[in-house]
Amino acid sequence: MSMGFVIDAVYLVTAAIFIIGLKQMSSPVTAHRGIVWAGVAMVVASVVTFGAPQISLDLGSINLQLMLVAIIAGSAVAYVSAKRVAMTDMPQMIAMYNGMGGGAAAAIAAVELVKLAGGMESHGLTVQILAVLGAVIGAVSFSGSVIAFAKLQGIMKKTLRLPLHQVINIGLFLGVVYYGYLVSTGHPVEFNHVVIFFVLALVLGVMVTTPIGGADMPVVISLFNALTGLAVAFEGFVLNNAAMIIAGTVVGSSGTLLTQLMAKAMNRPLSNVLFSSFGSDGGAAAEEDIEGSMKEIQANDAAIMMAYAQKVIIVPGYGMAVAQAQHKLKEMEDLLEARGVVVKYAIHPVAGRMPGHMNVLLAEAGVDYDRILDLDEINPEFPNADVALVIGANDVVNPVARSNPDSPIYGMPILDADKAHNVIVIKRGKGAGFSGIENHLFYADNTQMLYGDGQKAVGELISGIKQL
Amino acid sequence: MIEGLPALYIFMLSAFTGYEVISRVPVILHTPLMSGSNFVHGIVLVGAMIVMGQAEGTLELTIGFIAVAMAAGNAVGGYVATVRMLDMFQTSKPKAESGQGAAS
């Protein structure tokens, strides 16, 4: 048995385990096993790769030395950052690790193209085209993910929209296509063309991502995740590596599906996310006909209302994550439960910065996951809930999504918090939500506002309940 | 060599597999699953290693080094992030450790 055969066999098994692992990750019961299996497969695949004929195992070889340093350095930085980061910041870290993968795929293509420019024999037009495709997608995913990271991390605050932004993007895209064509058909490939090609692709990734607002970022990160998968698959064809082809394609297609699910949950077609932003269309029209006024409530009154309720539904949003109020919420839940109040959590599919983001945070605080219900499960329960406690959520409970066809969020499925007997909204100030749309729920007769930082407000509720 | 039609077959079948595998995922697992698939494309590491093994000259070695380092970061970061998230779903009992997320 040759070493080549062993390596190919390991790659095949690795690909199979990745697929099984992803399948197991689709259920809370088996998810942990799934990622551990996939991890073991990844380690084995990486280790046997040292036996590949392209790699010299001579420790004096500069290639091997640098490779080991790179693996250790990359792993160490990623390990420490992933261990240390707070759960609330996880979305941007996923964006970062994803960008690294895209960058790696683009860098693989870069080495191949530089070799071609240096006079290496071409493996044929198809291989060259695939290398170039993987390079574009990987580079866009890399620079786009870095921008997504910067935005979510708060390093880059505003959404940059240049005049004629779309025209510039189209120009950049055509430039990438043109230089991609030159690079993939060149005999020999011009080194300068390769450089221009990569610069244009990286700039394109930046320009595509800058105009997209923070609310749409989860969809974009998911899309970049799928794109990186595709880039990896294309470079897999170039390197003739079955594990990369299969794993990359599986991530590409599952990632695309996930992206669609997310875009659908927000009722925003993917093209809208990518090519327009909130507020530019009809945001002003929705503000006119608000009836009623905002009524303020004191924490003690709110505490009494909840303590004597039979059923309380908590609706957390990104504001809860920012305020780190999940542990306090859990404490309040325990107190209410001790008094015989049924407490449930209602999670909108796009609450927070990613689907499932709220679930992760609540689980971190120790909330039972069978108490955490999604939109379809919880909506029928609002009409017989005594209190809906909205904390840091806004657009996902805005009834105009049901009633006002002019509103930019019209048609988005929302949580029917307004149908509860009483609604308490914990909010930092009177401003509008992420989308900048006024929330009619706040003005409704059965709604009362509890102003303050989420964690502090829940703390006051807790001491209020304790005093009873 | 994987070329021509067989390559397309692999591509097509993998694409359908990916679609099927996650088509029935509860919303609570969306973020961990995205993180998990993010880890899976960390397999780009093996490609980066092979390219690095063949690199000649300073420029190729530099790009190869970047490729390997980033790919390793993708794999390790993706794994740790996913495990940390999934750890929270493991038990439905309240956990004592509360400082981890609130640390920053």
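Everything here concerns the structure above.
Residues numbered from 1 in each chain as written. Chains lettered and ligands numbered in written order. Predicted model: local features only at pLDDT ≥ 70, side-chain atom pairs only at ≥ 80, totals over all residues. Heavy atoms only, no water.

Undergrad: Explanation requested: helix α6 (residues 165-185) of chain A in the structure shown.
TA: Given 3.6 residues per helical turn, the α-helix brings residues three or four places apart onto the same face. Residue and element names in this part refer to chain A. An ideal rise of 1.5 Å per residue puts 30 Å on 21 residues; α6 measures up with 30 Å between its terminal C-alpha atoms. Those residues of α6 not exposed but buried are H165, N169, L172, G175, V176, G180, V183 and S184. Down the axis of α6, the buried set is contained in an arc of 155 degrees. They therefore lie on one face. What points out from α6, more than 90 degrees from its buried face, is the exposed set V167, I170, L174 and Y181. Residues of α6 that are buried in the fold lie against α4 (90-117), α5 (125-153) and α7 (191-209). (Helix = DSSP H or I, 4+ residues; strand = E, 2+ residues; numbered from the N terminus. Expected span 1.5 Å × (residues − 1). Buried < 20%, exposed > 50% of the residue type's maximum accessible area, 1.4 Å probe, protein only. Arc of directions from axis to C-beta. Contact = heavy atoms within 4.5 Å.)

Undergrad: Help me understand empty space enclosed by the protein, please; the structure alone is not making it clear to me.
TA: Unfilled space is identified by rolling a water-sized probe across the atoms. Residues and elements named next belong to chain A. Applying the stated criterion across every chain, the model contains three cavities of 30 Å³ or more. In this structure, the largest cavity spans a volume of roughly 70 Å³. E112, L116, M120, S122, H123, G124, V127, Q128, A131 and V238 are the residues that line the largest cavity. Mapped by element, the contributors of at least two residues to the lining of the largest cavity are α4 and α5. At three residues, the largest contribution of residues to the lining of the largest cavity is made by α5. Residue classes in the lining of the largest cavity are distributed as five nonpolar, four polar and one charged. (1 Å grid on protein atoms, 1.4 Å probe; cavity = no way out; pocket = protein on both sides within 12 Å on 5 of 7 lines; lining within 4 Å. Points joined across faces, edges and corners; volume = space filled by probe spheres on them. Nonpolar A, V, L, I, M, F, W, Y, C, P; charged D, E, K, R; others polar.)

Undergrad: I tried to follow the packing of α6(A) against α7(A) on my own but got confused; where do I start?
TA: Geometrically, a packed helix pair is captured by the angle between its two axes and the distance between the axes. All names here are of chain A. Packing of α6 against α7 brings their axes to within 9 Å, and their N-to-C directions diverge by 150 degrees. One finds that α6 runs roughly antiparallel with respect to α7. The hand of the α6/α7 crossing is left-handed. In contact with H165, I168, N169, L172, F173, G175, V176, Y179, G180, L182 and V183 of α6, α7 contributes H193, V194, I196, F197, L200, A201, V203, L204, M207 and V208. (Axes fitted to C-alpha atoms, helices over the stretch in contact; angles between N-to-C directions. Parallel < 35°, antiparallel > 145°, perpendicular 65-115°, else oblique. Left-handed = near helix turned anticlockwise from the far one by under 90°.)

Undergrad: Just to check I follow, could you spell out the interface of chain B and chain A for this structure?
TA: The figure often quoted for interface size is the accessible area lost as the parts come together. At the interface, 87 residues of chain B touch 104 residues of chain A. With both chains or domains summed, chain B and chain A bury close to 8600 Å², and 76% of this area falls on carbon and sulfur atoms. Viewed at the interface, chain A and chain B are joined by one salt bridge. As a salt-bridge pair, K115(A) and E60(B) come within 2.9 Å of each other at their nearest N and O atoms. Across the contact surface, chain B and chain A share 17 residue pairs in polar contact (both at pLDDT 80 or more). Those elements that provide at least two residues to the side of chain B that touches chain A are α1 (4-21), α2 (30-40), α3 (44-54), α4 (57-87) and α5 (99-102) of chain B. The leading source of residues in the side of chain B that touches chain A is α4(B), at 27 residues. Per-class residue counts for the side of chain B that touches chain A are 51 nonpolar, 27 polar and nine charged. (Buried area = accessible area lost by both parts, 1.4 Å probe. Salt bridge = Lys/Arg side-chain N within 4 Å of Asp/Glu carboxyl O. Polar contact = N/O pair within 3.5 Å; in protein donor to acceptor, adjacent residues only side chain to side chain.)

Undergrad: What is the right way to look at the pattern of salt bridges in this model?
TA: It is possible for side chains bearing opposite charge to pair when their charged atoms get close. Residues and elements named next belong to chain A. Following the criterion strictly, the structure yields 12 salt bridges over all chains and no others. In this structure, the salt-bridge partner of E381 is K311, at a minimum N-O distance of 2.7 Å. Pair noted here: E381 is in the loop between α15 (375-378) and β4 (387-391) and K311 is in strand β1 (residues 311-316), with a separation of 70 residues, a long-range link. Each member of the pair E381 and K311 is classed as buried. A salt bridge links E381 to K344; the nearest nitrogen and oxygen atoms lie 3.1 Å apart. Here E381 is found in the loop between α15 and β4, whereas its partner K344 is found in strand β2 (residues 342-347), with 37 residues between them in sequence. According to the relative accessible area criterion, E381 is buried, its value standing at 16%. Among the residues examined, K344 registers a relative accessible area of 23% and is labelled partly exposed. Beyond isolated ion pairs, a larger network of salt bridges with shared partners links K330, E333, D334, E337 and R371.

Undergrad: Honestly, a nonpolar patch on the surface in this entry has me stumped. Any pointers?
TA: On the surface, L5(B), L8(B), Y9(B), M12(B), L13(B) and F16(B) cluster together into a nonpolar patch covering about 660 Å² of accessible area. One can find M12(B) in helix α1. (Patch = residues over 30% accessible without salt bridge, like charges linked within 9 Å, V, L, I, M, F, W, Y side chains within 5 Å. Areas by Shrake-Rupley, 256 points an atom, 1.4 Å probe, with all protein chains shown as cover.)

Undergrad: Explain the packing of aromatic side chains here, please?
TA: By convention here, two paired aromatic rings are described through the distance between centres and the angle between planes. Summed over all chains, the structure comprises six aromatic pairs over all chains. For the pair F18(A) and F39(B), a centre-to-centre distance of 6.4 Å together with 80 degrees between the ring planes defines the contact as edge-to-face. In this pair, F18(A) sits in helix α1 (residues 3-24) while F39(B) sits in helix α2, so the two residues belong to two different chains. Residue F18(A) is classed as buried on the basis of its relative accessible area, which comes to 2%. F39(B) sits in the buried class, given a relative accessible area of 2%. The interplanar angle of 70 degrees and the centroid separation of 5.2 Å between the aromatic rings of F197(A) and F198(A) together place this pair among those described as edge-to-face. Under the relative-accessibility criterion, F198(A) is labelled buried at 13%. Through a chain of ring-to-ring contacts, the aromatic side chains of F18(A), F39(B) and Y79(B) assemble into a single cluster. The ring centre of Y308(A) lies 5.2 Å from the NZ or CZ of R339(A), which sits over that ring. (Phe/Tyr/Trp six-rings, centres within 6.5 Å; stacked < 30°, edge-to-face > 60°. Lys NZ or Arg CZ within 6 Å of the ring centre and 35° of its normal.)

Undergrad: Looking at this model, I keep getting lost on unusual backbone geometry. Mind explaining?
TA: Backbone phi values are negative for most residues with the exception of glycine, while trans is the configuration of most peptide bonds. Residues and elements named next belong to chain A. Even without glycine at this site, N240 takes up a positive phi of about 60 degrees. Within the secondary structure layout, N240 lies in the loop between α8 (217-239) and α9 (242-265). If you check the backbone angles, Q324 has positive phi at about 55 degrees while not being a glycine. Note on placement: Q324 falls in the loop between α12 (318-323) and α13 (326-338). Among the residues examined, Q324 registers a relative accessible area of 13% and is labelled buried.

Undergrad: Hey, could you run me through the packing of α4(A) against α5(A) in this one?
TA: Residues and elements named next belong to chain A. For the pair α4 and α5, interaxial distance at closest approach is 7 Å and the crossing angle is 150 degrees. The orientation of α4 with respect to α5, classified from their angle, is roughly antiparallel. As α4 packs across α5, the resulting crossing turns out to be left-handed. Here the contact of α4 with α5 is composed, by residue class, of 16 nonpolar, 10 polar and no charged.

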